[in-house]
Structures are given as C-alpha cells and as structure tokens.
Amino acid sequence: MEKLKRPLNEVETEKQELSLPQKKYYRQRAHSNPIADHDFDYPSCPETYDWSTLYPDITNEKSKIYNKRVEMLDIGCGYGGLLVTLSPMFTDSMILGMEIRVKVSQYVIERIKALRANQPNCYDNIACIRTNAIKYLPNFFKKGQIKKMFFLYPDPHFKKSKHKWRIINDTTLSEYAYVLAEEALVYTVTDVKDLHEWMVKHFSEHGLFKRVEDDDLKDDPVVDKLYESSEEGKKVTRNNGDKFLAVFMRIKDPDL
C-alpha cells in the first residue's frame, strides 16, 4: 500500500544543530608578523562599515541593543574563549574579537556561528574579524568608542630584534588611547614576566594611561575570567606557569 505523502506545509523545518569546529583543523603558527603586508579588507572610516554582517540579529530595530556600537574589544582573540565567556555576562554590549591569523580567525567565526545555531538568542552579541589591529583600528572605531579592551597572552616576540612587533609599544598605545573612552579599562595578562614588565613600563610612561591598583579590581567580575578563559591561559595552568595581570585606565588628556 502506497504511503501518503505529507503536504509540504506540514513538513517540519526545525533548524539542525551545527557541530562546533574542531581546533585540530584550524591550527596555525603562533607567530605572525604584524608589520608585514597582509591582505585585509577594511573600511575607509568607521561610518562605512556594515556591522549587520557580524551582528545580524541585534542590528535590527527589534533588538534591545539596536543602535549601540561595539564597546568591548579583544585584540588577538585567539580561539575566542574570552568572547564566549563575556557574551552572557554583558548581554547588552556588542563585543568584538580581532585576530590576525587566517585559520584561527576562521575557527572563531565558525564557532560563533555554531553556538548561535545551537542556542537561539544566545551569543548574538559577539563576533570576530580577521584584521591587523596595529594598522587598522581607527578604520573600524570612532574616537572614544571602546570601554573595555583586552590583551590576553599576546605574542612575546622574545628576540630583541622583534620587540617592534609587540602589540604594546609607544605607537600602538596612542592608537588605543584614541579609540578608548575616558575611564575605559585595558586588561593585560601574560605568563612571560619580561613581557609583563614591558607592558607595565610602556603603559605607565604613556601620558594617557594609569595603572589600576589591585585592591580596586576586587569587585571587577571580568578579572577572574581572564586567567583561564582562553586556550593559552588553560595551557599555562596545565603547565603550572605564572600569570601576570595588569589593568590600566584611559585618563583624560592633561593637555585638554
């Protein structure tokens, strides 16, 4: 006996769950030369960038955070651990990760896509782009736009000849200060003592930053998440390595 076919309008169209990407297929060298000429797409100015391609579900008028802008930025976001951690903590904020490595950034993009599909109405406020923050930060963000910025376990570039590649230096700090709002916070964590001292020295000597005392960080819910939210942080824990934290505040320009 021939089976009756169900009408098309009765066919279930439930969204299938997407499998999370596997890191083993997205491995890449840890070191990348940020000064080299990479092939990047970037806007001529912040006003021309279409953020709806990254945040399609929260850039429409029905969203509770419609008309807001990216306020939290993870530079060198790696495999996106901090982005995923911060997303449910700051549901009313748009959070962006920037990663220079091709395969790693693609992993984060696929990871967020799968999380959104498997958990509707979750993780809509995070995204990742592949770009070079050292060169193109002002192309994406307006002056004073960012309220929290993160540098978790940045590449130490151990050789002295490559210190100019470090994500924190005199030139880059001025770029960061430009996009940071007054009283915005910059969080840094590393397992390399020399790099920690380097970052503290450069931030402290720059006229637009001051270090936040440890006692003032006790009530900051973000701090405890910084040590192990990233893959690198978990690796340091497994190896019983040290972790050095330093947080800095963007202060008002004294010349103004």
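Preceding block: the structure.
Remember, it's a predicted structure, so these values are computed and weren't measured experimentally.

What counts as what
- Every chain's residues receive numbers from 1 upward, in the order its sequence appears when written.
- Residue-level local features of this predicted model are given only where pLDDT is at least 70; pairs of side-chain atoms are given and counted only at 80 or more, and the full residue set underlies all totals for whole chains, interfaces and linings.
- In computing side-chain properties, one takes all heavy atoms of the structure into account and sets aside hydrogens as well as water.
- Exposure categories follow from relative accessible area, calculated using a 1.4 Å probe and restricted to protein chains: below 20% of the type maximum is buried, above 50% is exposed, and the middle band is partly exposed.
- Helix and strand definitions here come from DSSP, where helices need a minimum of 4 consecutive H or I residues and strands a minimum of 2 consecutive E residues; each element is numbered from the N-terminal end.
- Of all possible arcs, the one meant is that of the directions from the helix axis to the C-beta atoms.
- Residue contacts are defined here by distance: any two heavy atoms, one from each residue, within 4.5 Å place the two residues in contact.
- Structural elements are reduced to axes, namely lines fitted to C-alpha atoms, with helices fitted over the stretch in contact, and the angle between N-to-C directions of any two is expressed from 0 to 180 degrees.
- By the definition adopted for this analysis, an angle is roughly parallel if under 35 degrees, roughly antiparallel if over 145, roughly perpendicular if from 65 to 115, and oblique otherwise.
- Two helices crossing with the near one rotated counterclockwise from the far one by less than a right angle form a left-handed crossing, whereas a clockwise rotation gives a right-handed crossing.
- Under the scheme applied here, ten amino acids are nonpolar (Ala, Val, Leu, Ile, Met, Phe, Trp, Tyr, Cys and Pro), four are charged (Asp, Glu, Lys and Arg), and all others, including Gly, are polar.
- Here, strands pair whenever DSSP counts at least two bridges between them.
- When two rings of Phe, Tyr or Trp (its six-membered ring) have centres within 6.5 Å they constitute a pair, described as stacked for plane angles under 30 degrees, edge-to-face for angles over 60, and tilted for the intermediate range.
- We define a salt bridge as a contact between a side-chain nitrogen of Lys or Arg and a carboxyl oxygen of Asp or Glu at a distance within 4 Å.

A.B. asks: Can you walk me through helix α3 (residues 133-140) in this structure?
C.D. replies: Note that an α-helix has 3.6 residues per turn; residues three or four places apart therefore point the same way. Listed as buried for α3 are A133, Y136, L137, N139 and F140. Along the axis of α3, the buried positions cluster into a sector of 165°, meaning they face one direction only. Here the buried face of α3 lies against β1 (70-75), β2 (94-99), β3 (126-130), β4 (146-152) and α4 (170-179).

A.B. asks: Is there a simple way to explain the packing of α3 against α4 in this structure?
C.D. replies: Think of two packed helices as two axes; the pair is described by the angle between the axes and how far apart they sit. Running from N to C, α3 and α4 point in directions that differ by 20°, and their axes come no closer than 10 Å. Here α4 runs roughly parallel to α3, going by the angle between their axes. Here α3 runs over α4; the crossing is left-handed. Side by side, α3 and α4 meet where I134, L137 and P138 of the first sit next to T172, E175, Y176, Y178 and V179 of the second. Across the contact of α3 with α4, the residue classes tally to six nonpolar, one polar and one charged.

A.B. asks: Just checking my understanding: could you explain the sheet that holds β3 for this structure?
C.D. replies: In a beta sheet, neighbouring strands pair by backbone hydrogen bonds and run either parallel or antiparallel. Taking strand neighbours across the sheet as the criterion, the seven strands line up as β3-β2-β1-β4-β5-β7-β6 in an open arrangement whose pairing is mixed. Each edge of the open sheet is held by one strand with a lone partner, namely β3 and β6 (209-211). Across this sheet, the average inter-strand angle for adjacent strands is 20°, counted without regard to direction. Two elements, β4 and strand β5 (residues 180-190), share six bridges in a ladder whose sense is parallel. When the sheet's bridge partners are listed, F151 is paired in β5 with T188.

A.B. asks: Any chance you could explain the packing of aromatic side chains here in plain terms?
C.D. replies: What characterises a pair of aromatic rings is the spacing of the ring centres plus the angle enclosed by the ring planes. Within the structure shown, the criterion is met by 12 aromatic pairs. Look at F40 and Y136: their rings are 5.9 Å apart centre to centre, the planes differ by 65°, and that puts the pair in the edge-to-face class. Taken together, the residues F40 in the segment before β1 and Y136 in helix α3 connect sequence positions 96 residues apart. Across the pair, Y136 and F40 agree in class, each one buried. Aromatic pair F203 and F209: ring centres 5.0 Å apart, planes at 90°, arrangement edge-to-face. For F203, a relative accessible area of 1% gives the class buried. On the accessibility criterion, F209 (3% relative accessible area) is buried. Among the aromatic residues, ring-to-ring pairing joins Y49, W51, Y55, F140 and F141 into one connected group.

A.B. asks: How should I be thinking about unusual backbone geometry in this particular structure?
C.D. replies: For residues that are not glycine, phi is negative in most cases, and the peptide bond is trans in most cases. Of note, the phi angle at Y123 is positive, near 65°, even though the residue is not glycine. Relative to the assigned elements, Y123 resides in the loop between α2 (102-118) and β3. The backbone phi angle of E183 is positive, close to 75°, even though this residue is not glycine. For E183, the position within the fold is in strand β5. The exposure class assigned to E183 is exposed, which follows from its relative accessible area of 62%.

A.B. asks: Hey, could you run me through the pattern of salt bridges in this one?
C.D. replies: On inspection of all chains with the given rule, the structure shows seven salt bridges. E47 is paired through a salt bridge with K142; the nearest N and O atoms lie 3.9 Å apart. On the criterion of sequence distance, the pair formed by E47 in the segment before β1 and K142 in the loop between α3 and β4 is long-range, its members being 95 residues apart. For E47, a relative accessible area of 54% puts it in the exposed group. According to the relative accessible area criterion, K142 is partly exposed, its value standing at 33%. Measuring nitrogen to oxygen at the nearest pair gives 2.8 Å for the salt bridge that ties E99 to R101. Each member of the pair, E99 as well as R101, carries the same accessibility label: buried.

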